[in-house]
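# Chain and residue survey
So the chains spell out like this:
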Amino acid sequence: EEHVELTKAHYTSRYACLRPCPLVCPNQQLVQQLGIIRRSRELEGKDVNALSYDRTISLLKAYPYRLTSSKLPEVSTLPGIGEKMISKISEYVKHGRIRESETIAASARFKSLSEFTTIYGIGASTARKLFDTFGLRTMADLEEHYASRPASPTHHQRGERKLNTPAPVLSIPAALELRTDLDEKIPRAEVGLMHDIVMAELGKLRSGCLSTIVGGYRRGKAESNDVDIVITHPTLVSGSDQVKGLGELLVNRLYERGLITHVMHLSGFQPANALRTSHWDTLEKALTVFILPPDNSRSRRIHRRLDLIFAAPEAYWTAITGWTGSKMFERDLRLWAKVERGLKFDSTGITRRRDSKPYFPRSEKEVFDLLGLEWIDPTMRNA
Ligand code: DCP
Ligand code: MG
């Protein structure tokens, strides 16, 4: 792999996919404080403002120097950092804290909304409704609320085509029951173990499958919130239902073996309200709850979130690139491809916009080459 010398052109680029960015940056504390404001904007439904915090945070994460007052002029010239952001950053540089972040973090509303949205199936708008309309404040309130009403499908499930699996759908009450498990981060070793167990089961159904663990794990995170695995087989015919078939076969096998306990979503279904820029693509995927097999060495078995993404061989490398993240890296990868290269990038492939000519990269390096991007190692895609 080629080594990229970091220059000013890298960290001042307007595209996150041109900015090598480590997991932990020299201004981590500032990034964390701005992250609280960003999260609050998101919880309050102010998505446009949340995105401008996202962009600022992403630029700061790639900024390679510790921020002091002498660096403020340079930071002010970073692309897309507006005056409001500069004043927050200056406040931090001067006082070591941001007043608004502290106020938000201490507010009861922020605490409740943050807690509610940790439950799978409860998004920001549902959380606000639970807080404002139903007056709920705590997890105990939430439990009582959902105990007294029939399990209604979460918004991902509405309108979805029928799941071809007997695995139960994870309802909000079920997600509430599993919350202490699902809140727990997954250490790298367990991510690897989960992958090996899943692939061993798949190997019994079909030999010769290929897989890559993607998401935060691939970017080097010490612990993950879920496990994301991209899977293909060299003989799968794209456009047929072979890819979906392989996915259902695996999910049903894992369910029969007691390794998958719930499924949230299966198939290439796209929620009607999915943002154009979100990671929803038309790849076949199964969003599931997984549990390791009983083992004498483990005193407690923890339910884990497991996402399985199935791709035809032509889409394998774009699926890997598209699911490695970070979110901002992916967002700007699509934007770069479109604006600067006249190409459409998503996890299912690369096409030329003017005539829809498809490209079939055979490695991740080829994905970068096709998009005209300098190679960035996955561990430096934490923009
Ligand atoms: N993704 C995306 N856009 C989104 C959400 C996800 O492009 N809105 C892509 C990039 C992510 C990958 O999918 O890295 C996996 O998403 P996760 O939510 O699993 O996030 P991570 O794996 O990065 O972190 P973690 O699972 O530890 O929270
Ligand atoms: Mg993940």
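Residues numbered from 1 in each chain as written. Chains lettered and ligands numbered in written order. Predicted model: local features only at pLDDT ≥ 70, side-chain atom pairs only at ≥ 80, totals over all residues.

With an unreviewed UniProt entry as reference, the protein chain is termed DNA-directed DNA polymerase, source organism Mycena alexandri. Per UniProt, the protein chain has the following entry under Catalytic activity (unreviewed entry): "DNA(n) + a 2'-deoxyribonucleoside 5'-triphosphate = DNA(n+1) + diphosphate". Per UniProt, the protein chain has the following entry under Cofactor (unreviewed entry): "Mg(2+)". (UniProt positions renumbered as here; feature names shortened; annotations may be inferred.)

Here we take up the sheet that holds strand β8 (residues 343-346). In space, the three strands of this open sheet follow the order β8-β9-β10, with antiparallel pairing throughout. Looking at the sheet topology across the chains shown, the edges are occupied by β8 and β10 (358-359). As defined by bridge partners, β8 adjoins strand β9 (residues 349-352) across four bridges and the pair is classed as antiparallel. What sits directly across from leucine 343, in β9, is arginine 352. (Pairing = 2+ DSSP bridges. Helix = DSSP H or I, 4+ residues; strand = E, 2+ residues; numbered from the N terminus.)

Sites flagged by UniProt as "active site" (unreviewed entry) map to Lys88. Mapped onto the elements, lysine 88 comes out in helix α5 (residues 83-95). Here lysine 88 falls in the buried class, since 21 other C-beta atoms lie within 10 Å of it. Once residues lying within four places of it in the same chain are set aside, the contact partners of lysine 88 are Leu34 and Ile98. (Buried ≥ 20, exposed ≤ 12 C-beta atoms within 10 Å, placed from the backbone. Contact = placed C-beta atoms within 7 Å.)

This part is about the packing of helix α12 (residues 188-205) against helix α14 (residues 242-256). Between α12 and α14, whose axes approach to 10 Å, the crossing angle comes to 115°. The crossing of α12 and α14 is right-handed. Counted together, Val198, Glu201, Leu202 and Leu205 of α12 and Leu249, Leu250, Arg253 and Leu254 of α14 form the full contact between these two elements. Split into classes, the residues belonging to the contact of α12 with α14 amount to six nonpolar, no polar and two charged. (Axes fitted to C-alpha atoms, helices over the stretch in contact; angles between N-to-C directions. Left-handed = near helix turned anticlockwise from the far one by under 90°. Nonpolar A, V, L, I, M, F, W, Y, C, P; charged D, E, K, R; others polar.)

The subject of this paragraph is the domain arrangement of the protein chain. For the protein chain, the assigned domains read domain 1 (8-105), domain 2 (110-149) and domain 3 (179-380). The straight-line distance from the C-alpha centre of domain 1 to that of domain 3 is 29 Å. Every contact between the two is made by nine residues of domain 1 and, on the other side, 13 residues of domain 3. Looking at the side of domain 1 that touches domain 3, its residues break down into seven nonpolar, one polar and one charged. (Domains from an automatic or database assignment.)

Serine 326 follows glycine 325 through a cis peptide bond whose omega is 0°. When you line up the elements, serine 326 lands in the loop between α15 (316-324) and α16 (327-341). Of note in this structure, serine 356 is not a glycine but carries a positive phi near 60°. You can see serine 356 is positioned in the loop between β9 and β10.

To continue, consider the confidence of the model for the protein chain. Mean pLDDT over the protein chain works out to 91, with 90% of the residues at or above the 70 mark. Here residues 158-162 is a poorly scored stretch, pLDDT under 50, and it has six contacts once near neighbours within four places are set aside; other chains count. Across residues 269-279, where pLDDT falls below 50, the model places 12 contacts with residues more than four positions away in sequence or in other chains. Among the prediction metrics, the complex's ipTM stands at 0.95, with pTM recorded as 0.93. (pLDDT = per-residue confidence, 0-100.)

This part is about the pairing of strand β4 (residues 226-232). The buried fraction of β4 amounts to six of the seven residues, a majority that puts the element mostly inside the structure. As paired elements, strand β2 (residues 210-213) and β4 share four bridges and run antiparallel to each other. When the bridges of β4 are listed, serine 211 appears paired with isoleucine 231.

Looking now at the environment of glutamate 248. Along the chain, glutamate 248 turns up in helix α14. Along the sequence, glutamate 248 and serine 76 sit 172 residues apart, while their C-alpha atoms lie 51 Å from each other. Residue contacts for glutamate 248: discarding those within four places in its chain leaves Asn164 and Thr165.

Below, the discussion takes up the nonpolar core. The biggest cluster of nonpolar side chains holds 88 residues, and the ones touching the most others in it are Val230, Ile309, Ala311 and Ala319. For alanine 319, the residues in contact, after removing those within four places along its chain, are Val230, Leu283, Ile309, Ala311 and Ser347. (Core = buried A, V, L, I, M, F, W, Y, C linked by C-beta atoms within 7 Å.)

Before going further, it helps to spend a moment on the packing of helix α2 (residues 28-43) against helix α3 (residues 47-62). Put simply, α2 and α3 touch, their axes get as near as 8 Å, and they point 165° apart. The orientation of α2 relative to α3 falls into the category roughly antiparallel. Between α2 and α3 the crossing geometry is left-handed. Contact residues: α2 offers Leu30, Val31, Leu34, Gly35, Ile37, Arg38, Arg41 and Glu42, while α3 offers Asp47, Asn49, Ala50, Tyr53, Asp54, Thr56, Ile57, Leu60 and Lys61. For the contact of α2 with α3, a count of residues per class yields eight nonpolar, three polar and six charged. (Parallel < 35°, antiparallel > 145°, perpendicular 65-115°, else oblique.)

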